[in-house]
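Chain and residue survey
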Amino acid sequence: VQLQASGGGLVQTGGSLRLSCAASGSISSINTMGWYRQAPGKQRELVADITSFGRIVYADSVKGRFTIDRNNAKNTVYLQMNSLESEDTAVYYCNLKPSILTPGPGRSWGQGTQVTVSS
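In this report, we go over the structure that sits alongside the text. It should be emphasised that the depicted structure is a prediction, and the values quoted were computed from it without experimental measurement.

What to know about the pairing of strand β4 (residues 32–38)
In terms of burial, β4 is a largely internal element, six of the seven residues being buried. The sheet contact formed by β4 and strand β5 (residues 45–51) spans six bridges and is antiparallel. Bridge assignment links Arg37 to a residue of β5, and that residue is Glu45. Connecting β4 to the next strand, β5, in antiparallel fashion are six residues, including Gly41 with a positive phi near 80°. Bridge count for β4 against strand β9 (residues 90–97) is seven bridges, and the pairing is antiparallel. The residue bridging Trp35 from the neighbouring strand is Cys94, located in β9.

Points about unusual backbone geometry
Of note, the phi angle at Asn75 is positive, near 50°, even though the residue is not glycine. Mapping Asn75 onto the fold places it in the loop between β7 (66–71) and β8 (76–81). Since its relative accessible area comes to 24%, Asn75 is described here as partly exposed.

Overview of the sheet that holds β8
Backbone-to-backbone hydrogen bonds join strands into a sheet, with any given pair of strands oriented parallel or antiparallel. Spatially, the four strands line up as an open sheet ordered β1-β3-β8-β7, and their pairing is antiparallel. Each having just a single partner strand, β1 (2–6) and β7 make up the two edges of the open sheet. Neighbour-to-neighbour, the strand axes of the sheet open up by a mean angle of 15°, direction not taken into account.

Let's talk about the packing of aromatic side chains
On inspection of all chains with the given rule, the structure shows two aromatic pairs. Each ring, one from Tyr36 and one from Trp109, has its centre 5.2 Å from the other, and the planes form 70°; the classification is edge-to-face. Here the residue Tyr36 occupies a position in strand β4, and Trp109 occupies one in strand β10 (residues 108–109), the gap between them amounting to 73 residues. By relative accessible area, Tyr36 is classed as buried at 8%.

Quick notes on the state of the cysteines
What the rule picks out here adds up to one disulfide. Between the sulfur atoms of Cys21 and its disulfide partner Cys94 the distance amounts to 2.1 Å. Here the S-S torsion is close to 50°, and the disulfide linking Cys21 with Cys94 is therefore right-handed. You can see Cys21 sitting in strand β3 (residues 17–24) and its partner Cys94 sitting in strand β9, a full 73 residues away along the chain.

Analysis parameters
Residues numbered from 1 in each chain as written. Predicted model: local features only at pLDDT ≥ 70, side-chain atom pairs only at ≥ 80, totals over all residues. Heavy atoms only, no water. Buried < 20%, exposed > 50% of the residue type's maximum accessible area, 1.4 Å probe, protein only. Helix = DSSP H or I, 4+ residues; strand = E, 2+ residues; numbered from the N terminus. Pairing = 2+ DSSP bridges. Axes fitted to C-alpha atoms, helices over the stretch in contact; angles between N-to-C directions. Phe/Tyr/Trp six-rings, centres within 6.5 Å; stacked < 30°, edge-to-face > 60°. Disulfide = S-S within 2.5 Å.

See below:
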């Protein structure tokens, strides 16, 4: 499985960005796609994920500001990020897991895309 992420960049506080991640290869039709992020000196953390049935989980820190959605036909997951804050600055990684029940991320990771929010 290969994951190709895009859409990061530099934005001012309060701005918006939209990340995309396309998966290719041998992909189970039942899966969870998600976004994780890692800021300097911090552990990688879940931002949001969505199962192939549409069940969504958000980190508390992004609820009401970020929206995750997916296109199952294109094996693509999106993350719309609004009202960005400096604390959102991190490298964002997409992830795919061939399960909707197993906790934690799967073994397939995208290359990471930098999101920088400046004040």
